[in-house]
Amino acid sequence: MRVHEALAELELVDHHCHGVVPHDLDRPAFESLLTEGGVTPFDTPTGIAVRRHCAPVLDLAPHAHPDEYLARRAELGAREVNRRFLHAARTGTFCVDTGHTPLPLTTPAELADAARATAYEVVRLESVAERLKAGGVEPDAYAEEFTRAVHEAVRAPGVVGVKSVAAYRTGFGLDPARPAPEEVTRAARTWLAHAGRLDDAVLVRHLLWTAVDVGMPLQLHTGFGDRDIRLHRADPSLLTDWLDAVPDRVPVLLLHCWPYQRQAAYLASVFGQVYLDVGLTLHHVGPARAGAVLAEALEITPFGKLLYSSDAYGVAEFYTLGALAFRRGLGDLLQGRVDAGELSPPDAVRLARWAGAENARRIYRLSDRF
Amino acid sequence: MRVHEALAELELVDHHCHGVVPHDLDRPAFESLLTEGGVTPFDTPTGIAVRRHCAPVLDLAPHAHPDEYLARRAELGAREVNRRFLHAARTGTFCVDTGHTPLPLTTPAELADAARATAYEVVRLESVAERLKAGGVEPDAYAEEFTRAVHEAVRAPGVVGVKSVAAYRTGFGLDPARPAPEEVTRAARTWLAHAGRLDDAVLVRHLLWTAVDVGMPLQLHTGFGDRDIRLHRADPSLLTDWLDAVPDRVPVLLLHCWPYQRQAAYLASVFGQVYLDVGLTLHHVGPARAGAVLAEALEITPFGKLLYSSDAYGVAEFYTLGALAFRRGLGDLLQGRVDAGELSPPDAVRLARWAGAENARRIYRLSDRF
Amino acid sequence: MRVHEALAELELVDHHCHGVVPHDLDRPAFESLLTEGGVTPFDTPTGIAVRRHCAPVLDLAPHAHPDEYLARRAELGAREVNRRFLHAARTGTFCVDTGHTPLPLTTPAELADAARATAYEVVRLESVAERLKAGGVEPDAYAEEFTRAVHEAVRAPGVVGVKSVAAYRTGFGLDPARPAPEEVTRAARTWLAHAGRLDDAVLVRHLLWTAVDVGMPLQLHTGFGDRDIRLHRADPSLLTDWLDAVPDRVPVLLLHCWPYQRQAAYLASVFGQVYLDVGLTLHHVGPARAGAVLAEALEITPFGKLLYSSDAYGVAEFYTLGALAFRRGLGDLLQGRVDAGELSPPDAVRLARWAGAENARRIYRLSDRF
């Protein structure tokens, strides 16, 4: 079997994504979800890819005009639009980060239902800390209460991993050591006394080490994102000392990575417990460049270390685009190597299946859950 | 119309360049202008591209020997050589940085005349400060006098923007805040008391904030350059906190960017007022790699955010090479996407025209000036 | 002559490599040498390239199963396996770093004998310092004794250069200045009083400046490596201030560089005495990506500045793979430019020979030695 066929047949595991907005979106709302910034959204690589690949899913011609696209989207309604894009992604399993909800999004169960797929949950640890703060906690009880709250959160049915957005909050230039209890109390005293999200370096370190203690797969946002990111502080190689201290049994999944996919690949190649994806990147660069980014990400990465994710958020188009860009990019890369005699056809199919589904199944122990 | 034809017909706007040396150059002078360093200049990608693409403009066969090339150049004389290369660039508009003149260069008017084109001026702010120092100014009057001098400079006819080479002087690891008046005076006291160019971090910050107050398009050298650059401090992502504080109405144009074109693209994608080009890079990497660099620069950049510049300096060959590399690189990229069905032909032509001329016309308000 | 033929005929100079293990390796030992990390070694780009390109050297079909590969390797025995792979590399000259020997490796003479080639030696300076420590030296005699030991080591027959692994020990964020004698004595006092390898910043700076005084070609590990590397501190652009202070007569060779090959290229383009290779990278990324990495490394690098090295260590497969990836990658790149009309055929052949052998002969003065 050729690689593209194998990938077309494969039900992907999308190991990191978010819900979609369940209600209809007006043009400003749609456009603001289409890009991380919100400038000229249809004349971005993403916008061009939406017009090319998503328009036909809505029964329009490829390259439909944005006005036509938005009109048809409104005509069909959110429920039907979401259903179509989720189906077009041919994704069997979603691991949904439920912790980022400036907009009301579908729950994992609603997403699974719309996609006729299975959905698991990933607990965003900063949200756990911030809920604790909102609920009221004494500084000297913070460490214990946070640990308790995390353990409770991950015991909920369907939780398969945890996630941190430390990249956004402090960046990765952190002291790699576990903070002492008195440091945590002191930091909590300051943080709890003022409004604001979790951005204290000691508490972020405590959060990361709590994740290690929990021992579930830990997803880390790395690389680009919205304008809150300071890109040079989100280079995952800054985390090397910390990764060196994390025990082998705790999988650490570097998400997105762009433009540091080679740095992430280095980490995945030397640390047994480190994995990576190029989620988010895929729908931002679109099918035209997904192969080039994957080729860099895979230059030295062991094939057991690459996962698929869409990082789709808000608009269901990104499920379709992420899956398409991944299937085509990885398919072109592997088939190209087969055609050049660099890779055997059965190996190519095997490695495609690993990246598209099996690596995630193994790391998140998804098969144990059926 | 196919993209390459559209780009061939389009009169480019070169939004950042310098003058050319108006007199004849001997071999050492020519070679030292050919590269940022000056080692084996004809056996660099630039030198190979000059022999390939510039030799025919001088009626020589492609790949002419350097000796033959230099002899023919001398035979034709600077005036004719400059005329030919400027015409071959098919550039209708130049925005000329007039502030870097270790060699006597053509003025914008002379450049426009030789090219039968229009030339505007970009004011290099470090040169304004250094002229102030040379003319004598009291430390406690520095801030006011610098502001006055900048406002005066930009009121001159034909000035369309300002430029900073902070990347060379301090790098971008700057405190993003506007310095307090007493800080500026203190820093001016030290700087004015000693010989030397503007390289004080407080005064560079003051310069950048003065540019913001002026409100004209602000060009920033980023990425590589000559051996005075410390490349890791010229990564534009180091400027993120500062960019976050710049109001949306002030366009900031990241010049060159290589090898940080992806970092620049991230900034252009999340900040409404940030733009980029890969000038300088184009003639350094030559047509053989211009497409690859542009492809990275455009991975996530909105198409309304890419501009063309040659950053040509001293030798007129770079006008020809920059324009050729841009037209071919962007043409191949867009036509390739058309051929793959990823982009519609009219969109491709439209986006080519945006990048080659219309984005610059809009940002610098060039149409208002005719 | 076409470029690939020229490169096939050319006896390469491998300007940086190590010995091979002369005895048979069991599976864990072989696998641990196959990657920098040791995870799923056969399902990495290197492992796939070994199965593809090395299996036929052992009379197996391409893409042989790992079990079959290891069985055949054991059957032939280390001596025959090493002989075959060394011959297949068609390398005429090796410069062997003899200072990294956690495993017993062949000496340069043994390597030369197995390859029917010439081998020179490169002295690893950290090992000189560490032997001094092991032998006992007083802190206030350290500077003088180290200098004496280095001069003695480089006077040994066949020594053509020195090497530092400062990238591993302190990274490149070093004070570029030569340390004062009393600083060195103070640092030596601390370092000599405790067990451990040379990782003191003052002593590493002293080591680098001693290398400059010796004046032989100085190899510097840059970029990726095993898990001891902190990648962001191994970016060679961090060394710019130091390189700026090194006199032009001392060649500095940036090894490996990935993923900072563009940063290294910038340095090679502006500093007369700086050179680079993408050794180690070649067999890690394999022939499938060697061309892409070389294309980035060569974007602005003068062609007189690129060298070939395998950085092969331990297993002889890497000699074959490195040479194959280099010949194919560079051949494809140059022939592609010839086919596109960007480069003349004689220039292409000349530049291929420079990079494959002649640059190294000139820099290390190898021709003087016959």
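Residues numbered from 1 in each chain as written. Chains lettered and ligands numbered in written order. Predicted model: local features only at pLDDT ≥ 70, side-chain atom pairs only at ≥ 80, totals over all residues. Heavy atoms only, no water.

K.L.:
Looking at this structure, how should I read the relation of the copies chain A and chain B?
P.N.:
The two chain copies are related to each other by a rotation about an axis together with a translation along it. Expressed as a screw transformation, the operator carrying chain A onto chain B has a rotation angle of 120° and an axial translation of 0.0 Å, and the superposed copies differ by an RMSD of 0.0 Å. As the rotation angle and translation indicate, the two copies are arranged about a three-fold axis. (Least-squares fit on C-alpha atoms with pLDDT ≥ 70 in both.)

K.L.:
Help me out: how do you make sense of the pattern of salt bridges in this one?
P.N.:
Oppositely charged side chains can form a pair if their charged atoms are brought close together. Residue and element names in this part refer to chain A. Applying the stated criterion across every chain, the model contains 84 salt bridges over all chains. Between Arg84 and Glu80 there is a salt bridge; the shortest N-O distance is 2.7 Å. Linking Arg84 with Glu80, this pair stays in helix 5 (residues 78–88), spanning 4 residues, or about one helical turn. Taken together, the shared-partner salt bridges connect Asp59, Arg72, Glu75, Glu80, Arg83 and Arg84 into one network. (Salt bridge = Lys/Arg side-chain N within 4 Å of Asp/Glu carboxyl O. Helix = DSSP H or I, 4+ residues; strand = E, 2+ residues; numbered from the N terminus.)

K.L.:
What should I look at first to understand the relation of the copies chain A and chain C in this one?
P.N.:
Screw-axis analysis of chain A against chain C gives a translation of 0.0 Å along the axis, an RMSD of 0.0 Å, and a rotation angle of 120°. Here only 3% of the interface residues in chain A have copies in chain C that are interface residues too; the copies meet through unlike faces. (Contact = heavy atoms within 4.5 Å.)

K.L.:
Please explain the sheet that holds strand 1 (residues 12–17) of chain B as it appears in this structure.
P.N.:
Two pairing modes exist for strands in a sheet, parallel and antiparallel, and in both the strands are linked by backbone hydrogen bonds. All names here are of chain B. Here we have 7 strands laid out as an open sheet, ordered 1-2-3-4-5-6-7, and parallel in their pairing. Looking at strand neighbours, the two that pair on one side only are strand 1 and strand 7 (274–276), the edges of this open sheet. Between one strand and the next, the sheet's axes are offset by a mean angle of 25°, whatever the strand orientation. Strand direction decides the pairing type here: strand 1 and strand 2 (residues 91–97), joined by 4 bridges, are parallel. (Pairing = 2+ DSSP bridges. Axes fitted to C-alpha atoms, helices over the stretch in contact; angles between N-to-C directions.)

K.L.:
Would you mind going over the environment of C:Thr301 with me for this structure?
P.N.:
As for its placement among the helices and strands, C:Thr301 is situated in the loop between helix 15 (287–297) and helix 16 (317–339). Sequence separation between C:Thr301 and C:Ala265 is 36 residues, and the spatial gap between their C-alpha atoms is 5.0 Å. Setting aside residues no more than four positions away along its own chain, C:Thr301 makes contact with B:Pro45, C:Ala265, C:Ala268, C:Leu276 and C:Leu306. Reaching out from C:Thr301, the side chain makes a polar contact with the backbone oxygen of C:Ala297 at a distance of 2.6 Å. (Polar contact = N/O pair within 3.5 Å; in protein donor to acceptor, adjacent residues only side chain to side chain.)

K.L.:
What exactly am I supposed to notice about the side chain of A:Glu317 here?
P.N.:
Residue and element names in this part refer to chain A. Mapped onto the fold, Glu317 is located in helix 16 (residues 317–339). A relative accessible area of 0% means that Glu317 is categorised as buried. If we ignore the near neighbours within four places in the chain, the residues touching Glu317 are Phe30, Val50, Cys54, Tyr69, Arg73 and Phe85. (Buried < 20%, exposed > 50% of the residue type's maximum accessible area, 1.4 Å probe, protein only.)

K.L.:
Got a minute to help me understand the pairing of strand 5 (residues 218–222) of chain B in this structure?
P.N.:
Residue and element names in this part refer to chain B. Taken across its 5 residues, strand 5 has 5 buried, putting it largely inside the fold. Covered by surrounding structure in strand 5 are Leu218, Leu220 and Thr222 together with Gln219 and His221, the residues of both alternating faces. Sheet topology places strand 4 (residues 159–164) next to strand 5; 3 bridges connect them, and they run parallel. Paired with Lys163 across the bridge in strand 5 is Gln219.

K.L.:
Sorry if this is basic, but what is going on with the UniProt feature "domain: Amidohydrolase-related" (unreviewed entry) in chain A here?
P.N.:
UniProt's feature table lists "domain: Amidohydrolase-related" (unreviewed entry) at residues 128–366 of chain A, given in the numbering used throughout. Along residues 128–366 of chain A the backbone is 53% helical and 8% strand, and the end-to-end C-alpha distance reaches 24 Å. (UniProt positions renumbered as here; feature names shortened; annotations may be inferred.)

K.L.:
I would appreciate a short explanation of the interface of chain A and chain B in the present structure.
P.N.:
Often the size quoted for an interface is simply the accessible area lost on bringing the parts together. Listed as interface residues are 33 residues of chain A and, on the opposing side, 32 residues of chain B. Interface of chain A and chain B: buried area, both sides summed, is about 2800 Å²; carbon and sulfur atoms make up 54% of it. Summed over the three residues of chain A that lose the most area to chain B, namely A:Asp43, A:Arg227 and A:Arg289, the buried surface amounts to 22% of that side. Counting across the interface, chain A meets chain B through 9 salt bridges. We note a salt bridge from A:Arg230 to B:Asp244, for which the minimum N-O separation is 3.1 Å. Applying the counting rule to chain A against chain B returns 16 residue pairs in polar contact (both at pLDDT 80 or more). Listed by contribution, the elements that provide at least two residues to the side of chain A that touches chain B are helix 3 (45–54), helix 14 (281–285) and helix 15 (287–297) of chain A. A per-class count over the side of chain A that touches chain B returns 13 nonpolar, 9 polar and 11 charged. (Buried area = accessible area lost by both parts, 1.4 Å probe. Nonpolar A, V, L, I, M, F, W, Y, C, P; charged D, E, K, R; others polar.)

K.L.:
Is there a simple way to think about the state of the cysteines in this case?
P.N.:
Linking two cysteines covalently via their sulfur atoms produces the bond known as a disulfide. Residue and element names in this part refer to chain C. This model, assessed by the stated rule, comprises 0 disulfides over all chains. Here Cys95 is not disulfide-linked; the sulfur of Cys17 is the nearest cysteine sulfur, at 7.3 Å. Residue Cys257 stays outside any disulfide, its sulfur separated by 17 Å from that of Cys95, the closest cysteine. (Disulfide = S-S within 2.5 Å.)

K.L.:
How do you make sense of the interface of chain A and chain C when you look at a structure like this?
P.N.:
With 32 residues of chain A in contact, the opposing surface of chain C contributes 33 residues. Where chain A packs against chain C, one counts 9 salt bridges. Remark: the boundary between chain A and chain C carries 16 residue pairs in polar contact (both at pLDDT 80 or more). Sorting the residues of the side of chain A that touches chain C by element identifies helix 12 (240–245), helix 13 (261–270), helix 15 and helix 17 (345–363) of chain A as the ones contributing at least two each. Sort the elements by how many residues they give to the side of chain A that touches chain C and helix 13 of chain A lands first, with 7 residues. Of the residues contributing to the side of chain A that touches chain C, the split by class is 14 nonpolar, 8 polar and 10 charged.

K.L.:
I would appreciate a short explanation of the environment of A:Pro66 in the present structure.
P.N.:
Take A:Pro66: it is sitting in helix 4 (residues 66–76). A:Pro66 sits in the buried class, given a relative accessible area of 11%.

K.L.:
Is there a simple way to think about the packing of helix 7 (residues 125–135) of chain C against helix 8 (residues 142–155) of chain C in this case?
P.N.:
Describing two packed helices takes the angle between their axes plus the distance from one axis to the other. Residues and elements named next belong to chain C. Where helix 7 meets helix 8, the axes come as close as 10 Å, and the angle between the chain directions of the two elements is 125°. Considering their axes alone, helix 7 and helix 8 lie oblique with respect to each other. As helix 7 runs across helix 8, the sense of the crossing is right-handed. Touching Leu125, Val128, Ala129 and Leu132 of helix 7 are Tyr142, Glu145, Phe146, Ala149, Val150 and Ala153, all from helix 8. For the contact of helix 7 with helix 8, the residue count by class is 9 nonpolar, no polar and 1 charged. (Parallel < 35°, antiparallel > 145°, perpendicular 65-115°, else oblique. Left-handed = near helix turned anticlockwise from the far one by under 90°.)

K.L.:
Is there a simple way to explain the confidence of the model for chain A in this structure?
P.N.:
In the predicted model, chain A carries a mean pLDDT of 95, and the fraction of residues at 70 or more is 98%. On the interface metric, ipTM, the complex scores 0.96, and its pTM is 0.97. (pLDDT = per-residue confidence, 0-100.)

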